[in-house]
Amino acid sequence: MRNVTVARACDMPTVSVKRELLFQALGRRYTDEEFDELCFQFGLELDEITSEKDIISKEQGGGKAEGASDIILYKIDVPANRYDLLCLEGLVRGLQVFKERIKAPRYKRIMPANGGVQRLIITEETAQVRPHAVAAVLRNITFSKDRYDSFIDLQEKLHQNICRKRALVAIGTHDLDTISGPFTYTARPPSEIRFKPLNQSKEYTASEIMDLYRTDSQLKHYLHIIENKPLYPVIYDSNGVVLSMPPIINGNHTKITLNTRNVFVECTATDITKAKIVLDILVTMFSEYCEKQFTVEAAEVTYHNGRTCIYPELAYRREKVKPDLINKKIGISEKPSSLAKLLTRMCLKSHVTGSGNNIEIEIPPTRADIIHACDIIEDAAIAYGYNNIQMTIPKTYTIANQFPLNKLTELLRQDLAAAGFTEALTFALCSQEDIADKLGVDISSTKAVHIANPKTAEFQVARTSLLPGLLKTIAANRKMPLPLKLFEISDIVIKDSTKDVGARNQRNLCAIYYNKNPGFEVIHGLLDRVMQLLAVPPSKASGYLIRAAEDSAFFPGRCAEIFAKGQSIGKLGVFHPDVITKFELTMPCSALEINIEPFL
Amino acid sequence: MLGAHAVLLECSHLWAGEHQAEVSPVCSPQVIEAEQRSSKRWELTPEGKEIVQEGSHEARVFDSIPAEGLPQSELMKLPSGKVGFSKAMSNKWVRLDKNADGGPRVFRAVESVQDSVREKLQLVQQGEAESLEEKDRNELKKRKLLMEVIIKTYWIRKGSAFSTTVTKQETDLTPEMLASGSWRDLKFKAYNFEALGIMPESGHLHPLLKVRTQFRQIFLEMGFTEMPTNNFIESSFWNFDALFQPQQHPARDQHDTFFLQDPAEATDFPMDYLKRVKKIHSQGGYGSQGYKYDWKLEEARKNILRTHTTAVSARMLYRLAQQKFTPAKYFSIDRVFRNETLDATHLAEFHQIEGVVADYGLTLGDLMGTLREFFTKLGISQLRFKPAYNPYTEPSMEVFSYHRGLQKWVEVGNSGIFRPEMLLPMGLPEGVSVIAWGLSLERPTMIKYGINNIRELVGHKVNLQMVYDGPLCRLDS
């Protein structure tokens, strides 16, 4: 369930792992409650305990689930910036280090012994469509079914999150023994690209491939990234074999199987920083299964201008943070050595330097989320245990003030209710029809703010009047005994070129009377009462007055404009029968709407 | 009638189950005291009475058959024919000759008969039903000749205010009675205190806004100043970039945020500050690595419907940074907008409650202590904090409270310390920390008032009866 809270829940990725496999890797069993507690401390959330069978029967009905696996799955929500926890391998490593059962592994990039480094050449054409690429080799890897599934699943998780649905980065993994370098990353017209896509039985041109996947539930979402480009990105080996057409699909030729021993990983990108992170994550996670554990074979990437880079970077960065700062920011008083120990438990290998007034922290390539000392401080706090921190009340001394407009609103609300009117709370967004057609005005004559991407007509514009909302509230409550007397004091939105954003809110007071008689005198009386409350007398000179006016929303001769403080502040009147009908009402109705900001 | 020591009022056919209240006003305890009793009695049905008069159907059939017998078809035409024939047959009083000339013919089988049914009914009529055997009574009841009548009676005695003079009871006091003093001698009808009164005609405040008032009150009690959040339209700059939320962040996607077509772009920014924001995103600084991407002004210009009131907090903190620093506590409760899929608990717009404290040296412990005080005022005492991720706070913590009804910990808010990458480009002094937290107004309101569908609460489909009937809002009770 999504939680409505302050920071929008940044679509936390959910990782699904087999419980048995997880416990096996953790080297111990947990009860569901114990594991839930461990997750909570570490900042994860055990979202659901389920099985494939459960999932299928929930989504498609019990009958379809027959024969599906009933192996217990843990669905674990992972913070959106922790790409290192997006697979079983990473989760286990993180938790084992946290519980001090293992030391964080040290990832190493190695050059191939024979000097035959794999090379990827980027041609100039890619600049217009997807200019960056990085690569690496996982040498002598051993897959099993579970490892293979996890490898594929991690790529998918990365694609959905940091890769922004492949727009920023797309990953391709290939059986290196089926191809021979050097590889060329180039871009060609779609008609000139021709290959057999992954899991297809025949060759297609790039244009045909786009058509082929137009209805594919998964791949159709990525087509737009290159569809309208004159050239499509493509990677060839030295014999012209297509490795992939990023970010859409790999070739079938280089497909990885359970027997694959050597994996060529390439990531193409529009954002080089993210490409490097994605490559680092993928190879650090799965180098666990290489013959030389946690080592990754380098690949050389050459840009068309001759610039050459060696990947993966697997960079360890050193930061120094004062123990005093960590203690002060958290509100604890731990010894420097304890703080270093806490950080080490978060995969941030740390030690006290010098005379003890500094902690040196090594940030591993898996922790791209650590970009500032505050990230290090947070990890120290997590390892210390948020719930072990002593709660204190800040000494900050301040005098409270109400926002004057809200203060006036609060006071008026109370007295409008005391005057017998009931408060409504209507939406700030509505359809164009609500604020224009239904009130008999043309949308172009309103100063309405228009929304570019509404999913339905209900969200086309921000309201320019509170009247439609109140009329709709009455329509939805026609069964209630008459009369219905409603009010709302809330903001409307109008374009205003003097504001930095070109629009502003205006606080309006609106009231409506719905009965067998129009009740103009009731609404007029309410206006008199509101003015009395605002200490504005009925007078032409310095008070308020109403003057006959025309307004398409109101019945001719039954509408007046309200003036106060030397300006027009709104109108009152009996609704035009067309308005009443358009809002699906059957009784006469009168209303009042004024801007209250002049009374501040 | 009331002179006797005790009077039996016969309320005939007052079947059990009728409302007691109907008789209570008559039997006003001051005048008389009444005690309800009930008894059972056997009575003849109309058919039973007819049998006492005319004899049983079978006897009447027997009597109507002459010595030479009667064709069955004719016998059946007699008023007692059908019932009487079958009973007479089973009593073996008559016999049927199916082969007689002219069709089946019925003959007497015995010389004379004794009409015991009639005799038994006569006993009942004489009030001697009890002398019958139970199985006879049941048999007769089954034949619908007898019925059992329950009689409710009231034993009435003189009450404490017993009087033999009949006084007309007054319904209520009148000004004339007060003027003349006649009220002293008058009797007044008793009030029915079981009935409800007449509801006063009144207006009502909306439940969600009653809760908003309480939250405002809590913040004011805690010394927080209200922020001016009356600007639904915000630029992406203030809503996202100022908060160090990268331009590729999914929250900035069309699927999550309402972008504006008109006015599509914001035009005016504090340019020095904007340059610092651009730098922190694209290159880092202030001890940060930054996000290292190509930050674009076009993206920051895009107008949106604000997705959180934190956009206003950013404006306020920027304003605070433009003067000599003084500690500040801010709050706001106002609408925010999300272009999301709607369901029973999610709408495209909702109210966000936000609190912010800016001062030198604030700690994570200070944030937790402030949250404890805040939630205690809401009547929530058991709190737990979970590490979380927000793009603009670090450390971040989700606030959980133990829900007794659900018997589990539920998330009640989100909080954190604003990132230096957000605060330092604004110009706030380095030692200043800003702690902040937020929650929605709708969720606690729905829990408070037991509302399951958010549409019944917010928007035009509100259930006005619910608004009319809503109790006061006291969050801590």
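The structure presented is a predicted model; accordingly, all values stated were derived computationally and were not measured.

Concerning the overall build of chain B
1) Next: The number of helices and strands found in chain B is 16 helices and 16 strands.
2) Next: Over its C-alpha atoms chain B spans a radius of gyration of 45 Å, topping by over 25% the 23 Å that the globule rule assigns to 477 residues.
3) Next: Its C-alpha atoms give chain B principal-axis dimensions of roughly 130 × 80 × 40 Å.
4) Next: Across the 477 residues that make up chain B, the buried fraction comes to 51%.
5) Next: Nonlocal contacts in chain B, meaning residues at least 24 apart in sequence, comprise 69% of its contacts between residues at least 6 apart.
6) Next: Per element, the accessible surface of chain B, about 23,700 Å² overall, is 51% carbon and sulfur.
7) Next: The centroid of the 59 positive side-chain charges in chain B is displaced by 3 Å from the centroid of its 61 negative side-chain charges.

Here we look at the interface of chain B and chain A
1) Next: At the interface, 128 residues of chain B touch 102 residues of chain A.
2) Next: A salt bridge links Glu488(A) to Arg335(B); its shortest N-O distance comes to 3.8 Å.
3) Next: Viewed at the interface, chain A and chain B are joined by 53 residue pairs in polar contact (both at pLDDT 80 or more).
4) Next: When residues of the side of chain B that touches chain A are assigned to their parent elements, the largest contribution, eight residues, is made by helix α13 (residues 364-377) of chain B.
5) Next: Grouping the constituent residues of the side of chain B that touches chain A by class yields 52 nonpolar, 46 polar and 30 charged.
6) Next: The pairing of strand β22 (residues 450-451) of chain A with strand β9 (residues 260-262) of chain B spans two bridges and is classified as antiparallel. Looking across to β9(B), one finds that Ile451(A) is bridged to Leu260(B).

Brief notes about the packing of aromatic side chains
1) Next: Summed over the entire model, instances satisfying the criterion amount to 37 aromatic pairs over all chains.
2) Next: Measuring from centroid to centroid gives 5.9 Å for Phe23(A) and Tyr30(A), while their planes differ by 45 degrees, and the two rings are tilted. Across this residue pair, the class does not change: Phe23(A) and Tyr30(A) are buried.
3) Next: Taken together, a centroid distance of 4.7 Å and an interplanar angle of 10 degrees make the contact between Phe219(B) and Phe331(B) stacked. Of this pair, Phe219(B) sits in helix α8 (residues 207-221) while Phe331(B) sits in strand β11 (residues 328-337), placing them 112 residues apart in sequence. Both residues of the pair, Phe219(B) and Phe331(B), belong to the buried class.
4) Next: The aromatic ring of Phe421(A) is capped on one face by Lys485(A), whose charged end is 5.5 Å from the ring centroid.
5) Next: The ring of Phe62(B) has Arg108(B) lying over it, and the distance from NZ or CZ to the ring centre is 4.4 Å.

Details of the UniProt feature "domain: Aminoacyl-transfer RNA synthetases class-II family profile" (unreviewed entry) in chain B
1) Next: UniProt's entry tags residues 210-471 of chain B with the feature "domain: Aminoacyl-transfer RNA synthetases class-II family profile" (unreviewed entry), counted in the numbering of this structure.
2) Next: Between the C-alpha atoms that bound residues 210-471 of chain B the distance is 10 Å, and the span itself is 29% helix and 26% strand.

Regarding the sheet that holds strand β3 (residues 70-71) of chain B
The strands that make up a sheet pair up through hydrogen bonds in the backbone, lying either parallel or antiparallel.
All names here are of chain B.
1) Next: With respect to topology, three strands assemble into an open sheet ordered β3-β5-β4, the strand pairing being antiparallel. The outermost strands of the open sheet, each flanked by one partner alone, are β3 and β4 (94-97).
2) Next: Two elements, β3 and strand β5 (residues 105-108), share two bridges in a ladder whose sense is antiparallel. The residue bridging Leu-70 from the neighbouring strand is Val-106, located in β5.
3) Next: Those strands touched by helix α4 (residues 81-90) are β4 and β5, and its axis lies near 105 degrees from that of β4.

Structural notes on the sheet that holds strand β20 (residues 422-423) of chain A
Residues and elements named next belong to chain A.
1) Next: Read from one edge to the other, the open sheet built from seven strands follows the order β20-β24-β25-β29-β28-β27-β26, with strand pairing classed as mixed. Looking at the sheet topology across the chains shown, the edges are occupied by β20 and β26 (544-548).
2) Next: Sheet topology places strand β25 (residues 503-514) next to strand β29 (residues 589-595); seven bridges connect them, and they run antiparallel. Of the residues in β29, the one forming a bridge with Tyr-513 is Ser-590.
3) Next: Relative to strand β24 (residues 484-495), helix α11 (residues 404-418) is tilted by about 160 degrees, and along the sheet it contacts β20, β24 and β25.
4) Next: Sheet contacts for helix α13 (residues 467-475): β24, β25, β27 (554-564), β28 (567-575) and β29; angle to β25, the most-contacted strand, approximately 35 degrees.

How each quantity is defined
- Residues numbered from 1 in each chain as written.
- Chains lettered and ligands numbered in written order.
- Predicted model: local features only at pLDDT ≥ 70, side-chain atom pairs only at ≥ 80, totals over all residues.
- Heavy atoms only, no water.
- Helix = DSSP H or I, 4+ residues; strand = E, 2+ residues; numbered from the N terminus.
- Rg over C-alpha atoms; globule rule 2.2 N^0.38 Å.
- Buried < 20%, exposed > 50% of the residue type's maximum accessible area, 1.4 Å probe, protein only.
- Contact = heavy atoms within 4.5 Å.
- Areas by Shrake-Rupley, 256 points an atom, 1.4 Å probe, with all protein chains shown as cover.
- Lys, Arg positive; Asp, Glu negative; His and termini not counted.
- Charge placed at Lys NZ, Arg CZ, Asp CG, Glu CD.
- Salt bridge = Lys/Arg side-chain N within 4 Å of Asp/Glu carboxyl O.
- Polar contact = N/O pair within 3.5 Å; in protein donor to acceptor, adjacent residues only side chain to side chain.
- Nonpolar A, V, L, I, M, F, W, Y, C, P; charged D, E, K, R; others polar.
- Pairing = 2+ DSSP bridges.
- Phe/Tyr/Trp six-rings, centres within 6.5 Å; stacked < 30°, edge-to-face > 60°.
- Lys NZ or Arg CZ within 6 Å of the ring centre and 35° of its normal.
- UniProt positions renumbered as here; feature names shortened; annotations may be inferred.
- Axes fitted to C-alpha atoms, helices over the stretch in contact; angles between N-to-C directions.

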